[in-house]
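So you can see what is in the structure, the chains are spelled out below.
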Amino acid sequence: MIVAFICVVALHWALPQTLTLGPTWLPALLVLVLLIPGRIAEHYRLASATRMLGMVMSVLVTIFMLSAVVLLIQQTLNAKIQGKEVFTSAALLWLCNVLVFAIWYWRLDAGGPHARSVIPGHRKGAFFFPQMAMDEETLKATDMVDWEPGFIDYLFLAFNTSTALSPADTGALSKWAKSLMMTQSLISLAIVILLAARAVNTL
């Protein structure tokens, strides 16, 4: 998850200055300032403080990502950004979209990572993973007894949502999960349509 945060701010840093709120390094600075006390709180097992700081970081990177998408669409339509910059920026924001929503799914599902780790196994949550449908014999045969989703599982879910615009092997059960997945799909679709329109216009 920490690597995901670092990747998001690095991708944002690579965007043109015109697509960012403030300096391009601002998200990196804010995340770094919050990440240090977050790691300290995690070390001392201060679950509430860790969760609060993590939520603040998630909200910040989401705001920066959404604002960049809006600015990209606006400036592309107004011909203020053209050529290679459009394709590069769209690709960076598409990747940001995947990572940001993976962070949200990981943070919110079944009460968050701390709550999921308290109870062995994963039997209920906002998402229905294939492992949750396995019987005990299959779980033992696949060495997945007491399985619980890790960040890679939520990253896989977010990647599928952005590419297929729908879940692949994991279903959404709760209203908030469905809402987030629809939002992610809309952002991904907007970026793809923007690229397609730009490509047609270029041809």
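Everything in this summary refers to the structure shown in the same document. (Residues numbered from 1 in each chain as written. Predicted model: local features only at pLDDT ≥ 70, side-chain atom pairs only at ≥ 80, totals over all residues. Heavy atoms only, no water.)

A few points about the overall build of the chain
Right, on to step 1. Of the regular secondary structure elements, the chain holds 8 helices and 2 strands.
Right, on to step 2. Listing every helix and strand of the chain by position from the N terminus yields α-α-α-α-α-β-α-α-β-α.
Right, on to step 3. Projected onto its principal axes, the C-alpha coordinates of the chain cover approximately 60 × 40 × 25 Å.
Right, on to step 4. Here the chain, with 203 residues, has 41% of them falling under the buried criterion.
Right, on to step 5. For the chain, the accessible area works out to roughly 10900 Å², and carbon and sulfur atoms hold 69% of it.
Right, on to step 6. Computed over 13 positive and 11 negative side-chain charges, the inter-centroid distance for the chain is 13 Å. (Helix = DSSP H or I, 4+ residues; strand = E, 2+ residues; numbered from the N terminus. Buried < 20%, exposed > 50% of the residue type's maximum accessible area, 1.4 Å probe, protein only. Areas by Shrake-Rupley, 256 points an atom, 1.4 Å probe, with all protein chains shown as cover. Lys, Arg positive; Asp, Glu negative; His and termini not counted. Charge placed at Lys NZ, Arg CZ, Asp CG, Glu CD.)

Brief notes about the nonpolar core
Right, on to step 1. Core analysis: the biggest nonpolar cluster contains 50 residues, and Met65, Leu72, Leu93, Tyr105, Phe127 and Ile191 have the highest contact counts within it.
Right, on to step 2. For this core, the elements supplying multiple residues, two or more each, are α1 (2–13), α2 (26–43), α3 (47–77), α4 (84–108), α7 (151–163) and α8 (175–202).
Right, on to step 3. Examining the composition of this core, we find that 15 residues originate from one element, α4, more than from any other. (Core = buried A, V, L, I, M, F, W, Y, C linked by side-chain atoms within 4.5 Å.)

Here's the deal with the environment of Arg116
Right, on to step 1. Mapped onto the secondary structure, Arg116 falls in helix α5 (residues 113–118).
Right, on to step 2. For the pair Arg116 and Ser162, spaced 46 residues apart in sequence, the C-alpha separation works out to 25 Å.
Right, on to step 3. Excluding anything up to four places from it in sequence, Arg116 contacts Trp106, Asp109, Ala110, His122, Glu148, Pro149 and Tyr154. (Contact = heavy atoms within 4.5 Å.)

Observations concerning the environment of Cys96
Right, on to step 1. Within the secondary structure, Cys96 sits in helix α4.
Right, on to step 2. Separated by 84 residues in the primary sequence, Cys96 and His12 have C-alpha atoms spaced 7.7 Å apart.
Right, on to step 3. The residues touching Cys96, leaving out its near neighbours within four places in the chain, are Val8, Leu11, His12 and Met65.

Thoughts on the packing of aromatic side chains
Right, on to step 1. Tallying each qualifying case throughout the model produces 8 aromatic pairs.
Right, on to step 2. Centroid distance Phe127 to Trp176: 5.8 Å. Interplanar angle 85 degrees. Geometry classified as edge-to-face. Of this pair, Phe127 sits in strand β1 (residues 127–128) while Trp176 sits in helix α8, and the two are 49 residues apart along the sequence.
Right, on to step 3. Geometrically, the ring pair formed by Phe129 and Trp147 is edge-to-face, given 5.5 Å between the ring centres and 65 degrees between the ring planes. Of the two residues, Phe129 sits in the loop between β1 and α6 (136–141) while Trp147 sits in the loop between α6 and α7, which places them 18 residues apart along the sequence.
Right, on to step 4. For Phe129, a relative accessible area of 2% puts it in the buried group.
Right, on to step 5. According to the relative accessible area criterion, Trp147 is buried, its value standing at 13%. (Phe/Tyr/Trp six-rings, centres within 6.5 Å; stacked < 30°, edge-to-face > 60°.)

Looking at the pattern of salt bridges
Right, on to step 1. Tallied over the full model, the rule gives 2 salt bridges.
Right, on to step 2. For Arg39, the salt bridge goes to Glu42, with nearest N and O atoms at 2.9 Å. Note that Arg39 and Glu42 are positioned in helix α2 at a spacing of 3 residues, about one turn of the helix.
Right, on to step 3. A residue is classified by how much of its surface remains accessible, and Arg39, at 43% relative accessible area, is partly exposed.
Right, on to step 4. In this structure, Glu136 engages Arg123 in a salt bridge whose closest nitrogen and oxygen atoms are separated by 3.8 Å. With Glu136 in helix α6 and Arg123 in the loop between α5 and β1, this pair connects stretches of sequence that are 13 residues apart.
Right, on to step 5. Owing to a relative accessible area of 46%, Glu136 belongs among the partly exposed residues under this scheme. (Salt bridge = Lys/Arg side-chain N within 4 Å of Asp/Glu carboxyl O.)

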